Amino acid sequence: MANVTVAERRPPDTTGTRRGLSLWQNMHRHFWGYVFIAPWVVLYIVFGLYPLVLSFYLTFFDYSFVAPESRAFVGVGNWLKGILDPLFWKSLFNIVYNQAIFIVLKNGLGLLTAVLVFRATWGGRIFRTIYFLPVLTSTMVLMIVGGYLASPTGPVQSMLVNAGITDGPVFWTFNRWLPMPILALINTWKWFGISFVILLAGLYSISPDLYDAASIDGAGEWASFRYITLPQLRPQLFFLLVVDIINGLQMFTEVFALFDLYGGADNQALTPVLYLYAQAFDRSNMGYASTLGLLLAILIGVITVLQFRFVSAGSD
Amino acid sequence: MSEISAKPVLTQPRRRIPWSTIIIYALLLIGAIVVLYPFIYMLMNSVKPGREILHQPTSLPSEITFSGYTGVFERLNMGLLFRNSLILAISITVLNTLLSSLAAYAIAKIPFPGRNFIFSFMLATMMIPGILFLIPTYVLMFNLGWVGQYHALIVPAAVTVFNIFLLRQFMVTIPNEVVEAGRLDGANELTIFLRIIMPLARPALATVAILNFMASWNDFFGPLLYLNTPDKWTVQLGLLQFQSSVPGENAQQIWAATTLVTLPLVLIFFLLQDQFMKAFANVTFK
């Protein structure tokens, strides 16, 4: 996987093998190395490895942290309950529905704006600054502003009605099918700037010789985009896809801010993490919430591994 | 590019702007308007009388009022929320930037036994989704008695793999001779780190500091879980409370609040935007 190649590509190490350093000096340096790395090691054991083990352990119990004495062993009960829970499946469906739209829009717009700014001869810096601004807003601010702009009496819907696109106010938060696409649109506004910046940096790193050679061969705009730009941006697009899926499937604040703990009367905006939060802090089912977290993490892990497999198979 | 080179040079006394350029700038402009509209709307509503916000959502304000800004300080104790958010953001930024750069220096420049293993292990942990830690960490914090206290958020964020990785990638490019020269002068590793590495790594340090500050300032989930008393609330939690409690007549207050919460990051961004861009450029798995 990628992390292995990063380690392997390290330039040959010459710092440790100098003849001028005695054994004592080397040991002294190693000592400092361990001291510098120690904070991370200690913190990762306490707040990384220990919680991982605890998480797995908790899945076998009916456990509430407000009444720890009533803890009961339930075996694989939580796992079975999670796999058979229709609300968990509904939350998974909702988040996939949301992310399928979001990831395409966010990276599509990021790519389009990156190509446009790359082609612009002046003013590129101004547009670069503007397009990055939404990334700075917090999710809470985003949901207040976006929720208001899209509200039935808000400015966007007034414009849509005036333009004759909709007949009247749409109460989209109560609709079964509208919340997820609209949240995807709002999130696209906030996040496309990340794709834009990463892809723009990628465009600048493509050698101009490739385009020159293509135009000598008579390739048009579309052909050079399709056969040079897109393949050359593959590492960036792959990175964005992997990170988007890991982060996107864990969406929480957006739905928490606009809906109740179960994502509305129809669970139309219930996401897996919102459901997990409701189980943990509304129902006090820590063991079950832990199981849901592990199930989601396993799903994300499988998708991530498949992506790496797919890409390494494609590049051979 | 190809169109220009294909045109005969002499037949054109005045250069016409090619269609492709017009299309590019038209699209860029539309994009800029869509991106800026919510910001402009936010600013405009923060000085618009509350009644007009409700009844004429698309119109310009008939008068400019700053009652939103004064109201938000009375109603929401904005001073306290800003203070709490700053305590958290500054503590995490200082601690994390220092500890992450120490670890990055060790991995980049000190060849201690086990170094490669630790670095590979770190990179592998970046792939683990954060959701896995949520419940068990909460149980751990609850048992430690840390729920309701700032250090429940500060300590786990004191050093993070992504920042170590970012700093290490930069420090590797510092020539070994620079470090060796310091060692031959008899300086110990801590002195070399503080006197030689820190000044040379300034762009990477600035980048990591900004990322830390942004993540902490905008964090909602962490404070929601751990800061359960109003005297410890951050600006983001204040906004949540506000969103559900503000009466319609004072709608301008919520817009003043969102403007104030967004402002610090926008200011930092304008001051340091080139560093900021570097944080996101060149990140791939390559």
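In this convention, every chain numbers its residues from 1, walking through the sequence in written order. Here the convention is simple: chains get letters from A, ligands get numbers from 1, in the order in which they are written. With the structure being a predicted model, the display of local features is reserved for residues of pLDDT at least 70 and the display and counting of side-chain atom pairs for 80 or more, all residues being used for whole-chain, interface and lining totals. Derived side-chain values reflect all non-hydrogen atoms in the structure, with water molecules and hydrogen atoms excluded from consideration.

Q: Which residues make up the overall build of chain B, and what are the values?
A: By the criteria applied, helices consist of DSSP H or I runs no shorter than four residues and strands consist of E runs no shorter than two, each listed in order from the N terminus. Each helix and strand in chain B was counted, giving 16 helices and zero strands. Relative to the compact-globule value of 19 Å for 286 residues, chain B shows a C-alpha radius of gyration of 25 Å, a clear excess of over 25%. Projected onto its principal axes, the C-alpha coordinates of chain B cover approximately 80 × 70 × 35 Å. A simple rule labels every residue: compare its accessible area, found with a 1.4 Å probe on the protein chains alone, to the largest value its type can have, and call it buried under 20%, exposed over 50%, or partly exposed in between. A burial count over chain B gives 52% of its 286 residues as buried. Residue pairs in contact within chain B that sit at least 24 positions apart in sequence constitute 74% of those at least 6 positions apart. Total accessible area on chain B is roughly 13300 Å²; 67% of this is exposed by carbon and sulfur atoms. In this setup the radius of gyration rests on C-alpha atoms only. A globule is expected at 2.2 Å times the number of residues raised to 0.38. Should any heavy atoms of two residues lie within 4.5 Å, those residues are considered in contact. To measure how exposed things are, a 1.4 Å probe is used in the Shrake-Rupley method; for residues, cover is taken only from the protein chains shown.

Q: Describe the side chain of Ser64(A), listing the residues and the values that go with them.
A: All names here are of chain A. On the secondary structure map, Ser 64 appears in the loop between strand 1 (61-62) and strand 2 (72-73). When its relative accessible area of 14% is taken as the criterion, Ser 64 is described as buried. Separated by 3.3 Å, the side chains of Ser 64 and Ser 284 make a polar contact. Polar contacts, as used here, are pairs of N or O atoms within 3.5 Å; protein pairs need one atom able to donate a hydrogen and one able to accept it. Residues neighboring in sequence count only if both atoms are side-chain atoms.

Q: If you had to explain the domain arrangement of chain A to someone new, which residues and values would you point to?
A: All names here are of chain A. Assigned domains of chain A: these are domain 1 (19-78) and domain 2 (80-315). Here the bounds of each domain stem from an automatic or database domain assignment. The C-alpha-based centres of domain 1 and domain 2 are spaced at 32 Å. With 13 residues of domain 1 in contact, the opposing surface of domain 2 contributes 13 residues. Only one rule defines a salt bridge in this text: a Lys or Arg side-chain nitrogen within 4 Å of an Asp or Glu carboxyl oxygen. Our count for the contact surface shared by domain 1 and domain 2 stands at zero salt bridges. When residues of the side of domain 1 that touches domain 2 are traced back to their parent elements, those giving at least two are helix 2 (23-58), strand 1 and helix 3 (77-84). The residue inventory of the side of domain 1 that touches domain 2, partitioned by class, reads seven nonpolar, five polar and one charged. The residue classification treats Ala, Val, Leu, Ile, Met, Phe, Trp, Tyr, Cys and Pro as nonpolar and Asp, Glu, Lys and Arg as charged. All others, Gly included, are polar.

Q: Quick one: what's the story with the interface of chain A and chain B, residue by residue and with numbers?
A: The interface of chain A with chain B comprises 102 residues on the first partner and 107 residues on the second. Each of two parts loses accessible area, computed with a 1.4 Å probe, when they are put together; buried area is these two losses added. With both chains or domains summed, chain A and chain B bury close to 9600 Å², and 78% of this area falls on carbon and sulfur atoms. Arg29(A) is paired through a salt bridge with Glu189(B); the nearest N and O atoms lie 3.7 Å apart. For the interface between chain A and chain B, the tally reads 12 residue pairs in polar contact (both at pLDDT 80 or more). Residue contributions to the side of chain A that touches chain B peak at 23 residues, all from helix 2 of chain A. Looking at the side of chain A that touches chain B, its residues break down into 70 nonpolar, 23 polar and nine charged.

Q: Would you mind going over helix 5 (residues 124-136) of chain A in detail, with residue names and values included?
A: Within helix 5 of chain A, 10 of the 13 residues are buried, which leaves the element mostly enclosed by the surrounding structure. Buried within helix 5 of chain A we find Gly124(A), Phe127(A), Thr129(A), Ile130(A), Tyr131(A), Phe132(A), Leu133(A), Pro134(A), Val135(A) and Leu136(A).

Q: Any details on the packing of aromatic side chains? Residues and values, ideally.
A: Note on aromatic pairs: the rings of Phe, Tyr and Trp (six-membered ring only in Trp) are paired at centre separations within 6.5 Å, and the planes decide the class, stacked below 30 degrees, edge-to-face beyond 60, tilted for the rest. Tallied over the full model, the rule gives 43 aromatic pairs over all chains. Ring plane angle 90° and centroid distance 5.3 Å describe the contact between Phe56(A) and Phe60(A), whose orientation is recorded as edge-to-face. On the basis of relative accessibility, which here comes to 45%, the residue Phe56(A) falls in the partly exposed class. Look at Phe281(A) and Tyr138(B): their rings are 4.7 Å apart centre to centre, the planes differ by 80°, and that puts the pair in the edge-to-face class. Remark: Tyr138(B) occurs in helix 7 (residues 131-144) and Phe281(A) occurs in helix 13 (residues 272-282); the pair is interchain, linking two chains. Grouping aromatic residues by their ring pairs yields a cluster made of Phe252(A), Phe256(A), Tyr277(A), Phe281(A), Tyr138(B), Phe220(B), Phe221(B) and Tyr226(B). Charge over a ring is defined by NZ of Lys or CZ of Arg lying within 6 Å of the ring centre and within 35 degrees of the ring normal. Directly above the aromatic system of Tyr288(A) lies the positively charged group of Lys81(A), at a separation of 4.1 Å from the ring centroid.

Q: Can you lay out the environment of Thr21(B) for me, pointing to particular residues and giving the numbers?
A: With respect to the secondary-structure elements, Thr21(B) resides in helix 2 (residues 19-46). Taking C-alpha positions, Thr21(B) is 47 Å from Ser244(B), a pair spaced 223 residues apart along the chain.

Q: Can you explain the domain arrangement of chain B? Please cite residues and give values.
A: Reports of interface size often rely on the accessible area that becomes lost once the parts have come together. In terms of domain boundaries, chain B breaks down into domain 1 (19-65) and domain 2 (77-232 + 257-280). A straight line from the C-alpha centre of domain 1 of chain B to that of domain 2 of chain B covers 36 Å.

Q: Outline the packing of helix 10 (residues 176-184) of chain B against helix 11 (residues 189-200) of chain B, supporting the account with residue identities and numerical values.
A: All names here are of chain B. Axis definition: a line fitted to C-alpha atoms, over the contacting stretch in the case of helices. Angles run 0 to 180 degrees between N-to-C directions. Relative to each other, helix 10 and helix 11 sit at 145°, their axes nearing to 10 Å. Like other packed secondary-structure pairs, helix 10 and helix 11 cross with a definite hand, here right-handed. Side by side, helix 10 and helix 11 meet where Val 178, Val 179, Gly 182 and Arg 183 of the first sit next to Glu 189, Ile 192, Ile 196, Ile 197 and Leu 200 of the second. Per-class residue counts for the contact of helix 10 with helix 11 are six nonpolar, one polar and two charged. By convention the crossing between two helices is left-handed if the near helix lies anticlockwise of the far one by an angle smaller than a right angle, and right-handed if it lies clockwise.

Q: Tell me about the side chain of Ser151(A), and name the residues and values.
A: Summarising the element assignment, Ser151(A) is placed in the loop between helix 6 (139-149) and helix 7 (155-162). In this structure Ser151(A) touches Gln157(A) and Trp172(A), once residues within four positions along its chain are discounted.

Q: Tell me what's going on with a nonpolar patch on the surface, and back it up with residues and numbers.
A: Surface patches are drawn from residues lacking salt bridges whose relative accessible area is over 30%; two like charges belong together within 9 Å, two nonpolar side chains (Val, Leu, Ile, Met, Phe, Trp, Tyr) within 5 Å. A contiguous nonpolar surface patch, about 730 Å² in accessible area, is contributed by Ile17(B), Trp19(B), Ile22(B), Ile23(B), Leu27(B), Ile30(B) and Val34(B). Turning to its location among the elements, Ile17(B) is positioned in the loop between helix 1 (2-6) and helix 2.

Q: If you had to explain unusual backbone geometry to someone new, which residues and values would you point to?
A: At Asn267(A), a position not held by glycine, the phi torsion is positive, near 55°. Considering the arrangement of structural elements, one finds Asn267(A) in the loop between helix 12 (253-258) and helix 13. Taking the relative accessible area as the measure of exposure, Asn267(A) reaches 15% and is therefore buried. In the Ramachandran plot, Asn77(B) falls in the positive-phi region, its phi being about 50° despite a non-glycine side chain. Secondary-structure assignment places Asn77(B) in the loop between helix 4 (67-76) and helix 5 (78-109). For Asn77(B), a relative accessible area of 42% gives the class partly exposed.

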